[in-house]
Amino acid sequence: PVRTLTHTMSAFALTASKTFRATPVVAQITRARSARRAGAVSVRAMAKEIIATDKSPAALGPYNQAVKVGNTVYVSGQIGLTPAMEFAGETIEEQTEQVMKNLGEVLAAAGATYADVVKTTIMIANMDDFKTVNGIYGSRFPENAPARATLAAKTLPLGALVEIDAVAVIQK
């Protein structure tokens, strides 16, 4: 059987009375509200913390170097720029080394290490550089490497040769 409920809503300081059909979702909400009144614990969303360090290049657009929510750190894609906003070099080796250094500095600013990384995405401008990037990347993860995706990208920011982002879960 379908029940009707009268629900009072306030919007822009106006109060209106609305009658609608009770659906299973409305019934769940009603039960949840009753449980809260009975002393149940409410769950709140965790606050996000913006992570920034001057030991890594500043973000190139409307994003942050990383965002931390609880014990999870989401690191934005890092390219081979130095903190002075200049490329570390023109070769894939030089840029990949700088990317990994930048990634490490942002992780450290969030209280994490390479050992906490659980997922990365590597974007490279030329798939012929895969072996070189893989060797440098792998040196930072000698044991228990994170899950990873590697993609060839037609163009990376500022003409970079490689970009890597990461997700880390800090062990408490």
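An account of the accompanying structure is given in this report. These numbers were taken from a predicted model, which means no experiment stands behind them.

Cut-off values and rules
- Residues numbered from 1 in each chain as written.
- Predicted model: local features only at pLDDT ≥ 70, side-chain atom pairs only at ≥ 80, totals over all residues.
- Heavy atoms only, no water.
- Helix = DSSP H or I, 4+ residues; strand = E, 2+ residues; numbered from the N terminus.
- Buried < 20%, exposed > 50% of the residue type's maximum accessible area, 1.4 Å probe, protein only.
- Contact = heavy atoms within 4.5 Å.
- Areas by Shrake-Rupley, 256 points an atom, 1.4 Å probe, with all protein chains shown as cover.
- Phe/Tyr/Trp six-rings, centres within 6.5 Å; stacked < 30°, edge-to-face > 60°.
- Lys NZ or Arg CZ within 6 Å of the ring centre and 35° of its normal.
- Polar contact = N/O pair within 3.5 Å; in protein donor to acceptor, adjacent residues only side chain to side chain.
- Pairing = 2+ DSSP bridges.

**A word on the overall build of the protein chain**
Then, number 1: Each helix and strand counted, the protein chain has three helices and eight strands in total.
Then, number 2: Reading the helices (α) and strands (β) of the protein chain from amino to carboxyl end gives β-β-α-β-β-β-α-β-α-β-β.
Then, number 3: Split into buried and exposed, the 172 residues of the protein chain put 33% on the buried side.
Then, number 4: Across the protein chain, every contact between residues at least 6 apart in sequence was considered, and the portion connecting residues at least 24 apart equals 62%.
Then, number 5: When the accessible surface of the protein chain is totalled, it reaches about 10,900 Å², and 56% of it is carbon and sulfur.

**Section: the packing of aromatic side chains**
Then, number 1: On inspection of all chains with the given rule, the structure shows two aromatic pairs.
Then, number 2: Judged by centre distance (4.9 Å) and plane angle (45°), the ring pair of Tyr137 and Phe141 falls under tilted. Taken as a pair, Tyr137 and Phe141 share a single burial class, namely buried.
Then, number 3: Within the aromatic cluster, the residues linked to one another by ring pairs are Tyr114, Tyr137 and Phe141.
Then, number 4: Sitting above the plane of the Tyr137 ring, Arg148 keeps its charged end 4.8 Å from the centroid.

**Examining the environment of Glu94**
Then, number 1: Considering the arrangement of structural elements, one finds Glu94 in helix α2 (residues 92–109).
Then, number 2: The class of Glu94 is partly exposed, set by a relative accessible area of 35%.
Then, number 3: Taking the C-alpha atoms as reference points, Glu94 and Leu81, 13 residues apart in sequence, are found 10.0 Å from one another.
Then, number 4: Leave out the neighbours within four places in its chain, and Glu94 touches Ala88 and Gly89.
Then, number 5: Side-chain polar atoms of Glu94 contact the backbone nitrogen of Glu90, separated by 3.0 Å.

**Side note on the pairing of strand β4 (residues 66–69)**
Then, number 1: In this sheet, β4 lies alongside strand β3 (residues 48–51) in antiparallel orientation, the contact comprising four bridges. Within the sheet, the bridge partner assigned to Lys48 lies in β4 and is Val69.
Then, number 2: Looking at chain direction, β4 and strand β5 (residues 72–78) are connected through four bridges and run antiparallel. Looking across to β5, one finds that Val67 is bridged to Tyr74.
Then, number 3: Linking two consecutive strands that pair antiparallel, namely β4 and β5, is a turn of two residues; a positive phi of about 60° is found at Gly70 within it.

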